[in-house]
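Report on the structure
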Amino acid sequence: MMDALLIGIALLDIWVHIEDDEPQRRAAALLAAAALSLRRHLPLAAFLCALPATLVSDAVFATLAALYALASLSRSRVLLVVCALLFAACDITWWMWPSPTFADFSDPSDLINVTYSLATAAAPVFLGQLVQARRELSLRLAEISQAREHGRELLAQSVLAKERAQLAREMHDVVSHQVSLIAVRAGALQVGSQEPMAQEAAATIRRLSVQTLDELRHMVSVLRAAGSRPTELTPQPSLADLRRLVDTSGIETELHTDLPDALPATIQRAVYRTVQEALTNVRKHAPGARAAIRIRLTEGTVRAAVTNTAPTRPALLLPGAHHGLAGLRQRAELLGGTVIAGPAADGGYELHLCLPLRQTR
């Protein structure tokens, strides 16, 4: 758009200053106007092509525009001075072949014309250099802002790494100690008890405590490695682990699923964590309740429903931060899905997960 505007002004300058009976001057001026299309990529060539128009006519707009473009893109001060002097020399020379007319420096009026030509040549050079300096200053400011933002990110990561390291120490020193104590006491109860049900319960507590310790070690390693390299909790659960999760939950549960094994890993983890959180809530808030898990794939959407009946015993007062459902909703939203949970009509509770497959491919 800017090139078309400049060429249009150059053509208007030709129409004002050149008569119809001057074909040679008109040709030189038209060449200068056409050369403006090269000013961005070949500014020196554009200026040299426009310079003859200044020598043979008063249509100098195209030459000045080309000189400005050269000054805004070139870093060579010597080149700009030479080009400005060439423009001034052509501007004060009236080319009439074979007898060109040169400026008479002894004539005060010609000296005024020479001064005017030099000033006319200097104006686009100074303006172009000013634009170039402003552009470079903007780039430097952008680099400084980017470096400052990067410094803030590094500082935030450093603070976060320290907090995670402190959290890892607390988890290792406090939580692992308590869980280890539970595992030891459960083992002692399993050996010392004579009742089969008590032995089975103690074995389950011991197995879950050992599994919790193993997962805790992975979590501690993740927290300590934060900020150095990406680390995942391993091993990550999949749909193949659902049956083991249900069997070790201690809840009478029906599991119905027809999902294929080739689902994305993120979908499998989301389904597993949803079922895990739902069964945890049943144990905490609905003792004695039965649960039903139904997972299916319909119309490109994975749907999981976990329902439980009303509790048959009073709920135990266990600590909780009420972040489980919020975490499930956030995980589902990241995958383009939804989680809906609420009380059922029979006094139980139900949780529904919907995950579209197209969001994860």
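Residues numbered from 1 in each chain as written. Predicted model: local features only at pLDDT ≥ 70, side-chain atom pairs only at ≥ 80, totals over all residues. Heavy atoms only, no water.

Taken as a whole, the largest pocket encloses approximately 1300 Å³ of empty space. Lining the largest pocket we find 34 residues, and of these Leu208, Gln211, Thr212, Glu215 and Gln276 sit closest to its centre. At the level of elements, α6 (108-192), α7 (196-225), α8 (242-247) and α9 (265-285) are the ones that each hand at least two residues to the lining of the largest pocket. The element contributing the most residues to the lining of the largest pocket is α7, with 13 residues. Residues that form the lining of the largest pocket fall into these classes: twelve nonpolar, twelve polar and ten charged. (1 Å grid on protein atoms, 1.4 Å probe; cavity = no way out; pocket = protein on both sides within 12 Å on 5 of 7 lines; lining within 4 Å. Points joined across faces, edges and corners; volume = space filled by probe spheres on them. Helix = DSSP H or I, 4+ residues; strand = E, 2+ residues; numbered from the N terminus. Nonpolar A, V, L, I, M, F, W, Y, C, P; charged D, E, K, R; others polar.)

This next bit is on the pairing of strand β1 (residues 253-257). As defined by bridge partners, β1 adjoins strand β2 (residues 291-298) across five bridges and the pair is classed as parallel. The partner of Thr253 across the bridge, within β2, is Ala291. Remark: the β1/α9/β2 crossover connection has left-handed handedness. (Pairing = 2+ DSSP bridges. Right-handed = clockwise from strand over helix to strand, strands pointing away.)

Under the defined criterion, the tally for this structure stands at four salt bridges. Residue Glu136 is joined to Arg75 by a salt bridge in which the shortest nitrogen-to-oxygen separation is 2.5 Å. Of this pair, Glu136 sits in helix α6 while Arg75 sits in the loop between α4 (61-73) and α5 (77-91), and the two are 61 residues apart along the sequence. For Arg75, a relative accessible area of 63% translates into the label exposed. Among the salt bridges present, the one from Arg244 reaches Asp241, with a minimum N-O distance of 4.0 Å. (Salt bridge = Lys/Arg side-chain N within 4 Å of Asp/Glu carboxyl O. Buried < 20%, exposed > 50% of the residue type's maximum accessible area, 1.4 Å probe, protein only.)

Pairing is mixed in the open sheet, where five strands are placed in the order β1-β2-β3-β5-β4. Looking at the sheet topology across the chains shown, the edges are occupied by β1 and β4 (338-343). The sheet shows a mean angle of 10° between the axes of neighbouring strands, direction not considered. Looking at chain direction, β4 and strand β5 (residues 349-356) are connected through six bridges and run antiparallel. Looking at the pairing, Thr338 lines up with Cys354 of β5. Contacts from α9 reach β1, β2, β3 (301-308) and β5, with the element oriented near 175° to β5. Packing of helix α10 (residues 324-334) onto the sheet brings it into contact with β4 and β5, and relative to β4 it is tilted by some 150°. (Axes fitted to C-alpha atoms, helices over the stretch in contact; angles between N-to-C directions. Contact = heavy atoms within 4.5 Å.)

Attention now goes to α4. The terminal C-alpha atoms of α4, which comprises 13 residues, lie 19 Å apart, in line with the 18 Å expected from a rise of 1.5 Å per residue. All of the buried residues along α4 are Ala62, Thr63, Ala65, Ala66, Leu67, Ala69, Leu70, Ala71 and Ser72. (Expected span 1.5 Å × (residues − 1).)

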